[in-house]
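# Examining the three-dimensional arrangement
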Amino acid sequence: MESTFKEMNGESVLDLEDKAGVGGGVEDVYGYSSLCTFLPDCNYFYLMFSGYTLLRDPRHNKGLAFTDKERDAHHLTGLLPPALFSQDLQEKRLMKILREYKVPLQRYMAMMDLQERNEKLFYKLLIDNVEELLPVVYTPTVGEACQKYGSIFRRPQGLFISLKEKGKILEVLKNWPEKSIQVIVVTDGERILGLGDLGCQGMGIPVGKLSLYTALGGVRPSACLPITIDVGTNNKKLLDDEFYIGLRQNRATGKEYAELMDEFMSAVKQNYGEKVLIQFEDFANHNAFELLAKYRTTHLVFNDDIQGTASVVLAGLVAALKLVGGTLADHTFLFLGAGEAGTGIAELIALEISKKTNAPLEEARKKIWLVDSKGLIVSSRKESLQHFKKPWAHEHEPVKELLGAVKAIKPTVLIGTSGVGKTFTKEVVEAMASFNKKPLILALSNPTSQSECTAEEAYTWSKGRAIFASGSPFDPVEFNGKVFVPGQANNAYIFPGFGLGLIMSGTIRVHDDMLLAASEALAAQVTEENYAKGLIYPPFTNIRKISAHIAANVAAKAYELGLASHLPRPKDLVKYAESCMYTPVYGSYR
């Protein structure tokens with residue numbers, strides 16, 4: 001394949017495309033050129049991409065937007081209907097078609113089909129209609145897509161690395177056609193959203209996350225690589241499914257698992273360099289914490305479930321202070337769920353309290369309580385607790401149920417990360433409202449079916465006094481003549497901008513202060529108009545602007561900590577971030 005693209009000087013047209021940088025970007029890495037801008041006679045483009053081949057190449061295909069001159073020059077005449085559509089008209093037509101589908105999974109499949117045939121149009125749709133299409137390409141619809149991935153699988157959109165490839169992972173990475181990779185999202189499929197072990201079918205998560213890296217954060221598509229590590233599955237239903245696309249064996253654990261992951265991490269650094277961002281996604285608790293702790297000092301790694309969730313929730317809490325009053329240190333937090341999301345959020349809250357008050361971290365943690373499947377985490381349980389729960393074991397009598405914990409602790413903030421739906425019952429919400437003028441309730445579990453309560457339940461049971469946000473989207477709710485607009489504590493607010501900030505600054509390691517910087521940048525984007533509606537997050541319609549500010553804050557912190565390698569530091573980091581963003585506009589093929 002590579003030899004097909006060779007120029008006389010030995011460089012490939014794809015390499016030259018990256019170097020042209022017509023679209024701007026980080027050292028010309030991000031920009032998609034207009035192709036023939038740097039090849040005036042289009043000789044090589046003409047030889048490689050013409051006729052039927054051009055229409056089947058998703059990066060360069062424009063469909064009915066090819067002009068008459070382009071159709072003549074590239075042997076497209078007769079292969080397309082005679083009509084000429086602008087990119088805007090193509091977008092209008094496709095949105096009309098998408099809205100006619102009644103089943104969300106049909107919309108998801110239509111979007112994936114579009115991505116595979118016309119990349120720029122896919123991203124233009126997603127950017128221009130982000131609030132409408134985000135639930136389609138990501139949560140909650142992506143959960144159903146992963147459950148049915150074997151049935152809807154058409155063509156690979158990333159790399160599948162299984163136990164069969166042990167000892168040759170570097171060779172597998174080199175099979176991927178793109179060589180300049182900036183971001184990898186990797187999962188082993190063991191804990192997909194709140195749906196459990198979906199094995200190899202978890203690939204829908206890295207694919208979805210990376211489409212958001214591009215649409216929301218402006219990272220160019222060819223710099224993104226989705227990867228699924230297939231070590232088997234313990235899901236018997238999948239193992240018995242004749243259409244299951246992964247390894248048919250129980251999950252590898254222990255030494256076998258650790259050796260495969262170690263080989264993978266080493267191969268990634270060897271193939272893509274020191275500054276490739278590796279985002280761990282939907283690993284089970286026992287592996288998520290260990291992988292992050294093991295590799296955070298040797299690789300540029302980020303766990304969205306632990307760190308991304310924590311950053312977006314902290315941003316919402318900081319913003320909510322304008323509605324509920326006080327400082328973070330004045331509030332008491334109670335979590336339902338003590339896994340990677342819950343403990344990650346709790347730790348970042350404690351870190352922020354510690355930094356703002358100059359109190360020891362151990363003291364700040366005492367404002368935060370966690371409930372797991374066995375009840376309130378207290379010191380008498382310490383010996384039997386997993387290591388990541390032990391910092392949250394405070395002195396208190398044992399409490400078995402959430403309602404009892406709410407009544408005993410009297411929190412001002414209730415946060416759900418349990419992955420179990422309907423756990424914020426009427427009694428729990430009423431209890432929160434009984435001792436809080438404005439109870440802050442965050443039902444963060446995904447997808448929608450696993451949310452601890454709905455927006456309507458939170459507003460109704462609190463008699464319209466709750467400040468509510470969720471992990472998956474809910475429609476506005478009318479109560480007593482007032483319309484409440486629920487916020488969405490979606491990680492998509494954070495990780496695209498966070499990743500862009502790391503890349504554009506050439507950051508070599510992730511530091512906790514960068515997560516705090518991202519939270520502060522997001523909280524600062526909430527306007528008085530948003531507060532008037534009860535929102536603690538800004539609308540997604542402005543997400544690219546928000547991402548640019550987050551990227552700038554993260555990059556600034558990286559430079560401050562001496563972890564940035566792109567020197568000198570740009571004078572205006574927000575403008576620099578905006579200039580780095582990929583824009584899916586058709587080029588002109590002369």
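Reading guide: rules and limits
Residues numbered from 1 in each chain as written. Predicted model: local features only at pLDDT ≥ 70, side-chain atom pairs only at ≥ 80, totals over all residues. Heavy atoms only, no water. UniProt positions renumbered as here; feature names shortened; annotations may be inferred. Pairing = 2+ DSSP bridges. Helix = DSSP H or I, 4+ residues; strand = E, 2+ residues; numbered from the N terminus. Axes fitted to C-alpha atoms, helices over the stretch in contact; angles between N-to-C directions. Contact = heavy atoms within 4.5 Å. Parallel < 35°, antiparallel > 145°, perpendicular 65-115°, else oblique. Nonpolar A, V, L, I, M, F, W, Y, C, P; charged D, E, K, R; others polar. 1 Å grid on protein atoms, 1.4 Å probe; cavity = no way out; pocket = protein on both sides within 12 Å on 5 of 7 lines; lining within 4 Å. Points joined across faces, edges and corners; volume = space filled by probe spheres on them.

The chain goes by Malic enzyme in an unreviewed UniProt entry, where it is assigned to Sesamum radiatum. Word for word, the UniProt comment on the chain under Function (unreviewed entry) is "The chloroplastic ME isoform decarboxylates malate shuttled from neighboring mesophyll cells. The CO(2) released is then refixed by ribulose-bisphosphate carboxylase. This pathway eliminates the photorespiratory loss of CO(2) that occurs in most plants." According to its UniProt record, the chain has this under Sequence similarities (unreviewed entry): "Belongs to the malic enzymes family."

As a further point, take the sheet that holds strand β1 (residues 159-162). Read from one edge to the other, the open sheet built from five strands follows the order β1-β3-β2-β4-β5, with strand pairing classed as parallel. Where the open sheet ends on each side, the last strands, each with one partner, are β1 and β5 (301-303). For this sheet, the mean inter-axis angle between neighbouring strands, taken without regard to orientation, is 25°. Bridge count for strand β4 (residues 277-280) against β5 is three bridges, and the pairing is parallel. Within the sheet, the bridge partner assigned to Phe280 lies in β5 and is Asn303. Packed onto the sheet, helix α15 (residues 285-295) meets β4 and β5 and runs at close to 155° relative to β5.

Right, let's get into the packing of helix α12 (residues 204-217) against helix α22 (residues 495-505). Their axes nearest at 8 Å, the elements α12 and α22 cross at an angle of 75°. Compared by their axis directions, α12 and α22 come out roughly perpendicular. Listed contacts from α22 to Lys209, Leu212, Tyr213, Leu216 and Gly217 of α12 are Phe495, Pro496, Gly499 and Leu500. For the contact of α12 with α22, the per-class residue count stands at six nonpolar, two polar and one charged.

Here we take up the sheet that holds strand β7 (residues 368-372). An order of β8-β7-β6-β9-β10-β11-β14 is seen for the seven strands of this open sheet, with the pairing classed as mixed. Each of the sheet's edge strands pairs with one partner strand only, and the pair in question is β8 (375-376) and β14 (487-488). Pairing between strand β11 (residues 467-470) and β14: two bridges, direction parallel. Bridge pairing in β14 places Ala469 opposite Gly487.

Under the criterion given, the structure shown has four cavities of 30 Å³ or more. In this structure, the largest cavity occupies an estimated 120 Å³ of space. Lining of the largest cavity is provided by Tyr108, Met109, Met112, Asp113, Glu116, Tyr149, Ile152, Phe153, Arg154, Arg155 and Gln157. Elements represented by at least two residues in the lining of the largest cavity include exactly α6 (104-117) and α10 (149-152). For the lining of the largest cavity, the leading source of residues is α6, giving five residues. In terms of residue class, the lining of the largest cavity is made up of six nonpolar, one polar and four charged.

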